[in-house]
Amino acid sequence: MNCPDCGDERTRVIDTEASADGTSVRRRRECQRCSFRFTTYERPEWDSLQVKKRDGTIEPFNRSKLRAGIERAVEKRDVAETTVTTLVDDIESALQDREARIVPSSLIGELVSENLRTLDKVAYIRFVSVYKAFSEPQEFLRELDAVLDAELDDFEAPNGSQ
Ligand SMILES: [Zn+2]
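Each chain has its residues counted from 1, running along the sequence as written. Reporting of local features is limited, given that this is a predicted model, to residues whose pLDDT is at least 70; pairs of side-chain atoms are given and counted only at 80 or more, and all residues count toward the totals for whole chains, interfaces and linings. Side-chain numbers come from the whole structure's heavy atoms, not from hydrogens or water.

Novice: Would you mind going over the sheet that holds strand 5 (residues 58-60) in detail, with residue names and values included?
Specialist: Strand order in this open sheet of 3 strands is 5-4-6, and the pairing throughout is mixed. Strands with a single pairing partner mark the edges of an open sheet, and in this sheet they are strand 5 and strand 6 (102-104). Along the sheet, successive strands turn relative to each other by an average axial angle of 35°, direction set aside. Should DSSP find at least two bridges between two strands, the strands are taken to pair. Secondary structure elements are taken from DSSP: a helix is a run of H or I of four residues or more, a strand is a run of E of two residues or more, and numbering for both begins at the N terminus. Judged from the 3 bridges that link them, strand 4 (residues 50-52) and strand 5 form a sheet pairing that is antiparallel. Within strand 5, the position partnered with Val51 by the bridge is Glu59. Residues count as neighbours in contact if any of their non-hydrogen atoms are within 4.5 Å of one another. Orientation is described by lines fitted to C-alpha atoms, with helices fitted over the stretch in contact, and by angles between N-to-C directions that extend from 0 to 180 degrees. Packing of helix 3 (residues 105-119) onto the sheet brings it into contact with strand 4 and strand 6, and relative to strand 6 it is tilted by some 65°.

Novice: Which residues make up the packing of helix 1 (residues 63-74) against helix 3, and what values go with them?
Specialist: Running from amino to carboxyl end, helix 1 crosses helix 3 at an angle of 35°, the nearest separation of the two axes being 12 Å. For the element pair helix 1 and helix 3, the recorded crossing hand is right-handed. Along the contact surface, helix 1 presents Leu66, Ile70, Ala73 and Val74, while helix 3 presents Ile108, Val112 and Leu116. Each residue is assigned to one class: nonpolar for Ala, Val, Leu, Ile, Met, Phe, Trp, Tyr, Cys and Pro, charged for Asp, Glu, Lys and Arg, and polar for all the others, Gly among them. The residue inventory of the contact of helix 1 with helix 3, partitioned by class, reads 7 nonpolar, no polar and no charged. Left-handed describes a crossing whose near helix is turned anticlockwise from the far helix by less than a right angle; the clockwise case is right-handed.

Novice: Explain the coordination of the zinc ion to me, using residue names and the numbers behind them.
Specialist: For Na, K and Ca the donor cutoff is 3.2 Å, while for all other metals N, O and S atoms count as donors only within 2.8 Å; water does not appear among the atoms, so some sites may look incomplete. Around the zinc ion, the protein supplies Cys3 (SG), Cys6 (SG), Cys31 (SG) and Cys34 (SG) as donor atoms, at distances of 2.2 to 2.4 Å. In this structure, the zinc ion is coordinated by 4 donor atoms arranged in tetrahedral fashion, with angles at the metal of 106 to 116°. Along the chain, the residues that donate to the zinc ion are spaced as C-x2-C-x24-C-x2-C. Taken together, the residues Cys6 in the segment before strand 1 (11-18) and Cys34 in the loop between strand 2 (25-31) and strand 3 (37-42) connect sequence positions 28 residues apart. Angular criteria define each label, namely tetrahedral for four donors with all angles between 85 and 135 degrees, square planar for four and octahedral for six donors with opposite donors over 155 degrees apart and remaining angles between 65 and 115, and irregular for whatever fails these tests.

Novice: Just give me the short version of the packing of helix 2 (residues 81-96) against helix 3, but keep the residues and values in it.
Specialist: Between helix 2 and helix 3, whose axes approach to 11 Å, the crossing angle comes to 145°. The handedness of the crossing between helix 2 and helix 3 comes out as right-handed. Of helix 3, the residues touching helix 2 (which contributes Thr83, Leu87, Ile91, Ala94 and Leu95) are Leu107, Ile108, Leu111, Val112, Asn115, Leu116 and Leu119.

Novice: Describe the pairing of strand 1, with residues and values.
Specialist: Two elements, strand 1 and strand 2, share 7 bridges in a ladder whose sense is antiparallel. When the bridges of strand 2 are listed, Thr16 appears paired with Arg27. The turn joining strand 1 and strand 2, which pair antiparallel and follow one another in sequence, is formed by 6 residues; a positive phi near 75° is taken by Gly22.

Novice: Quick one: what's the story with the pattern of salt bridges, residue by residue and with numbers?
Specialist: For salt bridges, the criterion is a side-chain nitrogen of Lys or Arg within 4 Å of an Asp or Glu carboxyl oxygen. Overall, the coordinates contain 11 salt bridges when judged by the stated rule. A salt bridge links Arg10 to Asp8, with the shortest nitrogen-to-oxygen separation between them at 3.0 Å. Taken together, the shared-partner salt bridges connect Arg12, Glu30 and Arg37 into one network.

Novice: Tell me what's going on with the sheet that holds strand 2, and back it up with residues and numbers.
Specialist: Spatial strand order, 1-2-3: 3 strands in an open sheet with antiparallel pairing. At either margin of the open sheet sits one strand with a lone partner, and together these are strand 1 and strand 3. Taken pair by pair, the neighbouring strands of this sheet meet at an average axis angle of 25°, ignoring direction. Pairing geometry for strand 2 and strand 3, over 6 bridges, is antiparallel. Bridged to Arg27 within strand 3 is Thr40.

In structure tokens, the structure reads:
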């Protein structure tokens, strides 16, 4: 990277920092000759993350769509706005960390289900009922049974002998 001031090619990196959204790296550089300081941004060459839907079509990953799906599931549940943001962040970075730039929508569905299951059982069931009921009805019913069984156990536990 040549110095934008004097054109010398001897510049060195004095600071490196990832952008808040993790999609680029910002470097502060200093020219070894004239001491001019400047900033460069490095971005991966690939396009943004793509999602392959069940019908085979591919569309760009859409963070707000992911968030909307989660928000629908947690609606009126005791789940904080910041918790949803963290969840979306976690899922997005798990996807970004993969080598493949095209992720199947089923993987996103799995990640959301897994996370909701530990977060809030009602939200989990709501999400899974939309996401799985149509494509895998048998699996949906099994999961519903499993969650209801677990809820029943929770309910019975405090009283023991009753
Ligand atoms: Zn220079």
